[in-house]
Amino acid sequence: MDPRDTAPDSWEQEDDVEATIDGQLDSEFASLNVNAKPFVPNVNAVEFVPTFVVKAHSENLDSVVAVEKISTVEVSESAAPVENGDSEITTEEPWDQKEVEPDEEEPGGRGPSVAATTEETTLETMEEEEETPAPKVPPTQPDAPKKEHINVVFIGHVDAGKSTIGGQIMYLTGMVDKRTLEKYEREAKEKNRETWYLSWALDTNQEERDKGKTVEVGRAYFETEKKHFTILDAPGHKSFVPNMIGGASQADLAVLVISARKGEFETGFEKGGQTREHAMLAKTAGVKHLIVLVNKMDDPTVNWSLERYEECKEKLVPFLKKVGFNPKKDIYFMPCSGLTGSNLKEPTDMCSWYTGLPFISHLDSLPHYKRSSDGPVRLPIVDKYKDMGTVILGKLESGSISKAQQLVMMPNRHVVELLSLLSDDVETDDAGPGENLKLRLKGIEEEEILPGFILCNAENLCHSGRTFDAQIVIIEHKSIICPGYNAVLHIHTCIEEVQLTALICLVDKKTGDKSKTRPRFVKQDQVCIARLRTAGTICLETFKDFPQMGRFTLRDEGKTIAIGKVLKLVAERD
């Protein structure tokens, strides 16, 4: 090896050594044409476009040409920095092309592997990635607001497969690309949890992924030919029921997921299980239509057995009927497998006895929901955070809103202005009832908002107060309930402590007759009319005027004690 090509032991040795001049190099220098013209790039050359870029960005061509012209001026001054000139031109390549390259070359590219802490950021980054490999998603976005919006909440016992079904639906409708799922599958395998990878599309934070339990209500959306659906993935664990109530209060349609696996269905359905409680809370939250997905039909203990499917159905129907669902009109049963995706989008050969539509097609064929866009504006707030201003999340229950509109935040009577509206992460100028929105507000700080506050129009403010009369059904309580009893009130998205101050009368379940005398107590399975008083001021309406904001649940010690509806608002005494 040439000694000149190797590094010396110490650079000091080399200081006074003269560089030896290669004779061949000397002759090469002599033959150089010193008077040669400087290199000028061809400004009119066709722009190089890599084959994997879907469309040529013609609008960026002008800026590229302009930069090339500038660089030619620099080049003509000295011929040496031609390479720099070229690199300047390449920096002006469109950003989306630049982003495509690392993603295309490395399957585990930088973009998808960042585990974001908040649910919203992960969903947004997922959507950015999806748009690159799958150009079929963006064209549908301009039409998104025109399609009917339906909010679907997935409820059921812990580990029934709610998040997995949600993730599978997103994959089947092209909202999550294959590469991202393969990455999740690899990561899940490393943790010995390979069957969990689909649920990671909705369970975005590290705690949920490590434990395999949903904690917060996951949000995602998908589209069919006729409708635009928002998935609300509710937690199944009994500790997180308050979060589940918040999710169910935004839904139009509930999907009750039950596991057909031997032992799992029984655990979920018995007294301590969440299948019963979730179905009842969904009904109280105002969900009219229920689809029961009998999941894990591919399990070896079930193997698509009709007997097991009918057994689950027979046990569930009487209970759902008791909760208030009409088995003929409101409930639809359907077998499926979330892990394999059988009977979600395409019918499966394994299940010849089921003749109905697969799940996604069934959702598409549901009748339209009647919503009044000319009613008063009512938007209960589910969540809020800071992001270049104050951002709130919620479902518009009635009325319609538009950009730059002035609204009032109740019960604090703050006047706010809408800076921008996002409907399922697509920016729009106006929104109608039933849409799940992210709103950026001006004129209010994030600290001044609490979940349960309501956005209204100034002409028609919602009622707020602390005392109200309500009809209550005691569902589960071991001892008697007397005046002075304290519980937690869940009404729309609001959670507040409440005290039962007086019992007014008992109501006969069959005839609806009210008792003449005041009862001293009520017990399980009785219906009564009582006066309730909350610890702080809350927004509410009577059930007759506005059902979504007039129905509530009372919870205590982690159990749902009672469900009820607001009959009358009582004015405060000064």
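Residues numbered from 1 in each chain as written. Predicted model: local features only at pLDDT ≥ 70, side-chain atom pairs only at ≥ 80, totals over all residues. Heavy atoms only, no water.

When you go through the protein residue by residue, the secondary structure sums to 15 helices and 21 strands. Considering the protein as a whole, with its 574 residues, one finds that 48% of them fall into the buried category. The long-range share in the protein, meaning contacts at least 24 apart out of those at least 6 apart in sequence, stands at 70%. Accessible surface for the protein amounts to roughly 29500 Å². Of this, 52% is attributable to carbon and sulfur atoms. (Helix = DSSP H or I, 4+ residues; strand = E, 2+ residues; numbered from the N terminus. Buried < 20%, exposed > 50% of the residue type's maximum accessible area, 1.4 Å probe, protein only. Contact = heavy atoms within 4.5 Å. Areas by Shrake-Rupley, 256 points an atom, 1.4 Å probe, with all protein chains shown as cover.)

Let's shift gears to the side chain of His278. You can see His278 is positioned in helix 13 (residues 274–284). His278 sits in the buried class, given a relative accessible area of 0%. Of note is the side chain of His278, whose polar atom sits 3.0 Å from the backbone nitrogen of Gly156. Residues in contact with His278, not counting those within four places in the same chain, are Ile155, Gly156, Pro235, Gly236, Val241 and Met244. (Polar contact = N/O pair within 3.5 Å; in protein donor to acceptor, adjacent residues only side chain to side chain.)

Its 18 residues give helix 14 (residues 306–323) an end-to-end C-alpha distance of 26 Å, which sits within 8% of 26 Å, the value for a rise of 1.5 Å per residue. Taking the largest bend as the criterion, helix 14 deviates by roughly 25 degrees, centred on Leu316, and proline Pro318 comes between one and four positions later. Buried-residue contacts for helix 14 involve strand 4 (253–259), helix 12 (264–269), helix 13, strand 5 (289–295) and strand 6 (331–335). Of the residues flanking the start of helix 14, the one acting as N-cap is Ser305, its side-chain oxygen 3.3 Å from the backbone nitrogen of Glu307. Count one or two residues on from helix 14 and you reach Gly324, which has phi positive near 130 degrees. (Expected span 1.5 Å × (residues − 1). Bend = angle between axes of the 7 residues up to and from the residue.)

Grouped together as the largest cluster of nonpolar side chains are 73 residues, with contacts concentrated most on Leu320 and Phe359. Phe359 has contacts with Phe154, Ile169, Val255, Ile291, Leu293, Met334, Asn343 and Leu344, leaving out every residue within four places of it along the chain. Among the nonpolar cores identified, the runner-up in size contains 24 residues, and Ala470, Ile472, Val522 and Phe552 belong to it. (Core = buried A, V, L, I, M, F, W, Y, C linked by side-chain atoms within 4.5 Å.)

Buried residues dominate strand 5, accounting for seven of its seven residues. Burial along strand 5 is two-sided: the face carrying His289, Ile291, Leu293 and Asn295 and the face carrying Leu290, Val292 and Val294 are both buried. Pairing of strand 4 with strand 5 involves seven bridges; the strand directions are parallel. Within strand 5, the residue paired with Leu256 across the bridge is Val292. By the bridge criterion, five bridges tie strand 5 to strand 6 in an arrangement that is parallel. Each bridged residue has a counterpart across the sheet, and for Val294 the counterpart in strand 6 is Pro335. (Pairing = 2+ DSSP bridges.)

This brings us to the sheet that holds strand 16 (residues 464–474). If you walk around this closed barrel you meet the six strands as 16-19-18-17-20-21, and the pairing is antiparallel. Between one strand and the next, the sheet's axes are offset by a mean angle of 45 degrees, whatever the strand orientation. One ladder, built from eight bridges, connects strand 16 with strand 21 (residues 559–570); its direction is antiparallel. Bridged to Ile474 within strand 21 is Ala562. Helix-sheet contacts for helix 11 (residues 241–248) involve strand 17 (485–491), strand 18 (494–507) and strand 20 (551–556), and the interaxial angle to strand 20 is about 175 degrees. (Axes fitted to C-alpha atoms, helices over the stretch in contact; angles between N-to-C directions.)

Attention now goes to the state of the cysteines. Inspection of every chain in the model, using the stated rule, returns zero disulfides. Unpaired in terms of disulfides, Cys539 finds its nearest cysteine sulfur in Cys462, a separation of 3.9 Å. (Disulfide = S-S within 2.5 Å.)

Right, let's get into the pairing of strand 1 (residues 148–155). The element strand 1 is extensively covered by neighbouring structure, given that eight of its eight residues are classed as buried. Where strand 1 and strand 4 come together, four bridges link them in parallel fashion. Following the sheet pairing, Val152 is matched in strand 4 by Leu253.

Turning our attention to the sheet that holds strand 5. Pairing within the open sheet is mixed, and its six strands lie in the order 2-3-1-4-5-6. With partners counted over all chains shown, the strands left at the sheet margins are strand 2 (218–223) and strand 6, one partner each. This sheet shows a mean twist of 25 degrees between the axes of neighbouring strands, independent of strand direction. Contacting strand 1, strand 2, strand 3 (227–233), strand 4 and strand 5, helix 8 (residues 162–172) crosses the sheet at an angle of about 150 degrees to strand 3.

Take the environment of Ile258 next. Position of Ile258 relative to the elements: it lies in strand 4. Given the relative accessible area of 2%, Ile258 is considered buried. Each C-alpha atom, one on Ile258 and one on Asn295, is 5.8 Å from the other, the two residues being 37 residues apart in sequence. Residues in contact with Ile258, not counting those within four places in the same chain, are Ala160, Phe265, Thr275, Val292, Leu293, Val294, Asn295, Cys312 and Leu316.

So, on to the environment of Ser337. Looking at where Ser337 falls in the secondary structure, it is placed in the loop between strand 6 and helix 15 (359–364). Ser337 sits 40 residues away from Met297 along the chain, and the two C-alpha atoms are 5.6 Å apart. If we ignore the near neighbours within four places in the chain, the residues touching Ser337 are Asn295, Lys296, Asp298, Trp304, Ser342 and Leu344.

Here the focus is unusual backbone geometry. A cis amide bond, omega 5 degrees, links Met410 with the succeeding residue Pro411. By secondary structure assignment, the location of Pro411 is in the loop between strand 10 (406–410) and strand 11 (414–423). You will see that Asn303, though not glycine, has its phi angle at about 55 degrees, which is positive. Structurally, the position occupied by Asn303 is in the loop between strand 5 and helix 14. Unusually for a residue other than glycine, Glu557 sits at a positive phi of about 55 degrees. Along the chain, the position of Glu557 falls in the loop between strand 20 and strand 21. Judged by relative accessible area, which is 71%, Glu557 ranks as exposed.

Note that all results are geometric; they support no functional claim without further evidence.
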